[in-house]
Amino acid sequence: MAQPATLLDAERKDDEPPARHERAGAQGIALEIAGFSLWYGETQALFDNTVAVQKGFVTALIGPSGCGKSTLLRAINRMNDLIEGVRIAGEIRLDGVDVYDPRVDVIALRKRMGMVFQKPNPFPMSVFDNVVYPLRVDGVRNRAVLGEACERALRGAALWEEVKDRLGDNALGLSGGQQQRLCIARAIAVEPDVLLMDEPCSALDPLATARIEELVDELRGRYTIIIVTHNMQQAARVSDNTAFMYLGRMIEYGDTQMVFTNPRRRRTADYVTGRFG
């Protein structure tokens, strides 16, 4: 089993965490976003966002198109670093360490934060090679170790029984829903702490969407999951906590049932009842 990567050798900060939503059964805080803002050149996309994501829970990010959900998700594992002109303010802390600390190893960070995108993106190689790709990048060459990791990840993604006799086949031959579960298997093969999902069902039919939702439920507790979705019914079905974003700002964050049935902010109520969005 892959060992958790170390971001940096430094004592953890003693900062007080931001206000957080507590819920019975919480395992603590996995990720703290504190006063986080982001600019693309001169254009500000995120404004002073603060939220504490609970460990082992599923947190949904909802809001209208262009509100900053995906931008915030990609900032968590520093994918926005690849875009020229991006600058940030504030902190995103994983286990108390700011992921934007100059001493942070970005490769190690991304091993701890698996990413699943809107459209399935399997590599044009075998099912087996897709799943173990991140392990091979990490230098693992032992075939037995890779085989064990492949089976564990495919079982975790509820795909093993469907592909166990097709591990040598090209992954592009799988159905869309199977490809997305394969991408989830690839993301969890290195046992990340956090699983980031950017509208993972947007390109899938209703049956495949239902299977992904079932899988998210099965992964609950084993991973901290943050899922961006435009589908409010999906957010209500799969998440423990929900964060509503609007125009780059975190408007409300709390227990999913409360956010949808008894929101504290008028703008949240307007969005979840369909008055805008």
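Residues numbered from 1 in each chain as written. Predicted model: local features only at pLDDT ≥ 70, side-chain atom pairs only at ≥ 80, totals over all residues. Heavy atoms only, no water.

**Things to note about helix α4 (residues 143-156)**
- Under the 1.5 Å per step criterion, the end-to-end length of α4 is 20 Å for 14 residues, consistent within 8% with the ideal 20 Å.
- For α4, every residue scored as buried is listed here: L146, A149, C150, A153, L154 and G156. Angularly, the buried residues of α4 cover 155° about the axis, an arc narrow enough to put them on a single face. Exposed side of α4, more than 90 degrees from the buried face: A144 and E148 are the residues found there.
- Taken together, the buried residues of α4 touch α3 (127-137), α5 (160-163), α6 (176-188) and α7 (206-219).
- Measuring from the side-chain oxygen of the N-cap residue of α4 to the backbone nitrogen of A144 gives 2.9 Å; that N-cap residue is N142. (Helix = DSSP H or I, 4+ residues; strand = E, 2+ residues; numbered from the N terminus. Expected span 1.5 Å × (residues − 1). Buried < 20%, exposed > 50% of the residue type's maximum accessible area, 1.4 Å probe, protein only. Arc of directions from axis to C-beta. Contact = heavy atoms within 4.5 Å. Polar contact = N/O pair within 3.5 Å; in protein donor to acceptor, adjacent residues only side chain to side chain.)

**What about the nonpolar core?**
- By size, the foremost hydrophobic cluster in this structure holds 48 residues, and its most contacted members are V131, L154, L182, I184, L195, M197 and I225.
- Apart from residues lying up to four places away in sequence, L182 is in contact with P122, V127, N130, V131, L154, L159, A171 and L174.
- L31, L38, L46 and L61 belong to the second largest nonpolar core, which has 32 residues in total. (Core = buried A, V, L, I, M, F, W, Y, C linked by side-chain atoms within 4.5 Å.)

**Remarks on the packing of α3 against α4**
- Closest axis-to-axis distance for the α3/α4 pair is 9 Å, and the angle between their directions is 110°. Taken as axis vectors, α3 and α4 run roughly perpendicular relative to one another. Read as a crossing pair, α3 and α4 show a hand that is right-handed. Two secondary-structure elements touch here, α3 through V127, F128, V131, V132, L135 and R136 and α4 through R143, L146, G147, A149, C150, A153 and L154.
- Across the contact of α3 with α4, the residue classes tally to 10 nonpolar, 1 polar and 2 charged. (Axes fitted to C-alpha atoms, helices over the stretch in contact; angles between N-to-C directions. Parallel < 35°, antiparallel > 145°, perpendicular 65-115°, else oblique. Left-handed = near helix turned anticlockwise from the far one by under 90°. Nonpolar A, V, L, I, M, F, W, Y, C, P; charged D, E, K, R; others polar.)

**Some thoughts on the pattern of salt bridges**
- According to the stated counting rule, one finds 22 salt bridges in the structure shown.
- With a shortest N-O distance of 2.4 Å, E91 and R93 are connected by a salt bridge. We note that E91, like R93, is buried.
- Here D101 ties to R103 by a salt bridge, and the two come within 2.9 Å at their closest N and O atoms.
- What emerges from the salt-bridge pattern is a single network uniting E151, R155, E161 and K164. (Salt bridge = Lys/Arg side-chain N within 4 Å of Asp/Glu carboxyl O.)

**Notes on the pairing of strand β2 (residues 43-54)**
- Bridge analysis of strand β1 (residues 29-40) against β2 gives 8 bridges, and the strand direction is antiparallel. Across the sheet, the residue bridging to Y40 is T43, located in β2.
- Between β1 and β2, which follow one another and run antiparallel, lie 2 residues, and G41 among them has a positive phi close to 65°. (Pairing = 2+ DSSP bridges.)

**Considerations on the pairing of strand β6 (residues 113-116)**
- Residues of β6 alternate between two faces, with M113 and M115 on one and G114 and V116 on the opposite face, all of them buried.
- Of the pairings in the sheet, the one linking β6 to strand β7 (residues 194-198) comprises 4 bridges and is parallel in character. Bridging across to β7, M113 finds its partner in V194.

**A look at unusual backbone geometry**
- A positive phi is found at A158, a non-glycine position, where the angle reads about 55°.
- The phi dihedral of E199 falls on the positive side, at around 45°, and the residue is not glycine.
- Structurally, E199 is set in the loop between β7 and α7.

**A few points about the sheet that holds β2**
- Taking strand neighbours across the sheet as the criterion, the 4 strands line up as β2-β1-β4-β5 in an open arrangement whose pairing is antiparallel. Strand pairing shows two members of the sheet lacking a second neighbour, β2 and β5 (97-98), which therefore form its edges.
- Sheet strands in contact with helix α1 (residues 69-76) are β1, β2 and β4 (86-94), and its direction is about 115° off that of β1.

**Let's talk about a nonpolar patch on the surface**
- A cluster of nonpolar side chains, namely Y40, L82 and I83, defines an oily patch on the protein surface of about 290 Å² accessible area.
- Tracing the chain through its elements places I83 in the loop between α1 and β4.
- Taking the relative accessible area as the measure of exposure, I83 reaches 40% and is therefore partly exposed. (Patch = residues over 30% accessible without salt bridge, like charges linked within 9 Å, V, L, I, M, F, W, Y side chains within 5 Å. Areas by Shrake-Rupley, 256 points an atom, 1.4 Å probe, with all protein chains shown as cover.)

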